[in-house]
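# Summary of the model geometry
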Amino acid sequence: MSLPALLLVCGTPRPASRPKALAQVEVREYQGEKLGSTSDFHENSIKGPQHVNQEKYRLTIDGLVDSSRVYTYEGILGSFPHYKKVVHIYCVEGWDVNILWEGVLVKDLLNSAGIKPEARVAIFHAQDGYTTSLPLDYLLSDDIMMAYNMNDAQLRPERGFPFELVAQDKWGYKWIKWITRIELSSDTNYRGYWESRGYSNKGNLKERFFER
Ligand SMILES: Nc1nc2c(c(=O)[nH]1)N[C@H]1C(S)=C(S)[C@@H](COP(=O)(O)O)O[C@H]1N2
Ligand SMILES: [Mo]
């Protein structure tokens, strides 16, 4: 059969459309461990849920780096190794949730830009103007993740889509959502949104969270 005849039989092929995502179902158990639900969070972000457009989204890595980087959502998921870990989040308000997180390592992102020796802290910036900072040592040696999935499903807008920091061993206010920029700095006294309002800059779960 000649090619034109085949096309006639099968009909004119339509251009491939992009697959549409169906609603995802979150997992509630991982390697025998019970997980909380992504609906167990108490949404109390400073300006309410942010709606970030996946195509327009950009993550900037700058400050004390060898060369600044700007990544797209697909660029991050496609260029860096993926990791999974179950980590508990605790808010100072008294609630907590156990979640299976999947993400990329902050270490890998920072190394792609080249960390200058003077850098001591990473200041994270978010879509809603929220900021928080964490010591570089902690981010590098504890393999801290920036998550794009919770319980095997993509982060919803209110949960921080596209990325939330999985700041293990730190109070919830260090778990910045809607991350848009990671700025390396030598300013160990930098205080983010809640930290400048009296919350501990270390934010360690094992210590008091209020300083004043
Ligand atoms: N960008 C941004 N990230 C944020 C916040 C915020 O207001 N803005 N709130 C923090 C606080 S106080 C907590 S406890 C965690 C989880 O809050 P959630 O339940 O609102 O997701 O997100 C943190 N990350
Ligand atoms: Mo919180």
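In what follows, the accompanying structure is described. Predicted, not measured: the structure shown is a model, and the values here were computed from it. Every chain begins its residue count from 1, and numbering advances along the sequence as written. Labels are handed out in written order, letters beginning with A for the chains and numbers beginning with 1 for the ligands. Where local features are concerned, this predicted model is filtered to residues with pLDDT of at least 70; where side-chain atom pairs are given and counted, the filter is 80 or more; whole-chain, interface and lining totals use all residues. In computing side-chain properties, one takes all heavy atoms of the structure into account and sets aside hydrogens as well as water.

### Points about the packing of aromatic side chains
- Ring pairs are drawn from Phe, Tyr and Trp, using the six-membered ring of Trp, whenever the two centres fall within 6.5 Å, and their geometry is named by plane angle: stacked under 30 degrees, edge-to-face over 60, tilted for the rest. In total, this model carries 13 aromatic pairs according to the counting rule given.
- In textbook terms, an aromatic cluster arises when at least three aromatic residues are bridged by ring pairs, as seen for Tyr 130, Trp 171, Tyr 173, Tyr 193, Trp 194, Tyr 199, Phe 209 and Phe 210.
- One residue, Lys 170, lies across the ring of Tyr 138, its end atom 4.6 Å from the ring centre.
- Each ring is checked for a lysine NZ or an arginine CZ that lies within 6 Å of its centre and within 35 degrees of its normal; such an atom marks a charge sitting over the ring. Positioned above the aromatic ring of Tyr 193, the side-chain terminus of Arg 197 is 3.7 Å from the ring centre.

### A word on the layout of surface pockets
- The calculated volume of the largest pocket comes to roughly 440 Å³.
- Within this scheme a cavity is a closed region of a 1 Å grid, computed over the protein atoms alone, that accommodates a 1.4 Å probe without allowing it to escape, whereas a pocket is open but has protein on both sides within 12 Å along at least five of seven lines; lining residues each have an atom within 4 Å of a point. Around the largest pocket sit 23 residues that line it, and Asn 44, Tyr 130, Gly 172, Tyr 173 and Trp 194 are the ones nearest its centre.
- We call Asp, Glu, Lys and Arg charged. Ala, Val, Leu, Ile, Met, Phe, Trp, Tyr, Cys and Pro are nonpolar, and the rest, Gly among them, are polar. In terms of residue class, the lining of the largest pocket is built from 13 nonpolar, 4 polar and 6 charged. Grid points are joined across faces, edges and corners, and a volume is the space filled by probe spheres set on the points.

### Structural notes on unusual backbone geometry
- Of note, the amide linkage connecting Phe 161 to Pro 162 takes the cis form, showing an omega dihedral of 10°.
- Secondary structure elements are taken from DSSP: a helix is a run of H or I of four residues or more, a strand is a run of E of two residues or more, and numbering for both begins at the N terminus. Assignment of secondary structure puts Pro 162 in the loop between strand S10 (153-154) and strand S11 (164-166).
- For Asp 152, which is not a glycine, the phi torsion comes out positive at approximately 70°.
- On the secondary structure map, Asp 152 appears in the loop between strand S9 (145-150) and S10.

### Describing the pattern of salt bridges
- A carboxyl oxygen of Asp or Glu within 4 Å of a side-chain nitrogen of Lys or Arg is what we treat as a salt bridge. Applying the stated rule across the entire model yields 11 salt bridges.
- A salt bridge links Asp 143 to Lys 107; the shortest N-O distance between them is 2.6 Å. A residue pair is termed long-range when its members are at least 10 positions apart, and Asp 143 in the loop between helix H4 (136-141) and S9 and Lys 107 in helix H3 (residues 106-113) qualify at 36 residues.
- With a relative accessible area of 25%, Lys 107 lands in the partly exposed category.
- The partner of Glu 183 in a salt bridge is Arg 181, and the shortest N-O contact between them spans 3.6 Å.
- Think of it in three bands: with a 1.4 Å probe and only protein chains considered, a residue is buried below 20% of the maximum accessible area for its type, exposed above 50%, and partly exposed in between. On the basis of relative accessibility, which here comes to 27%, the residue Arg 181 falls in the partly exposed class.

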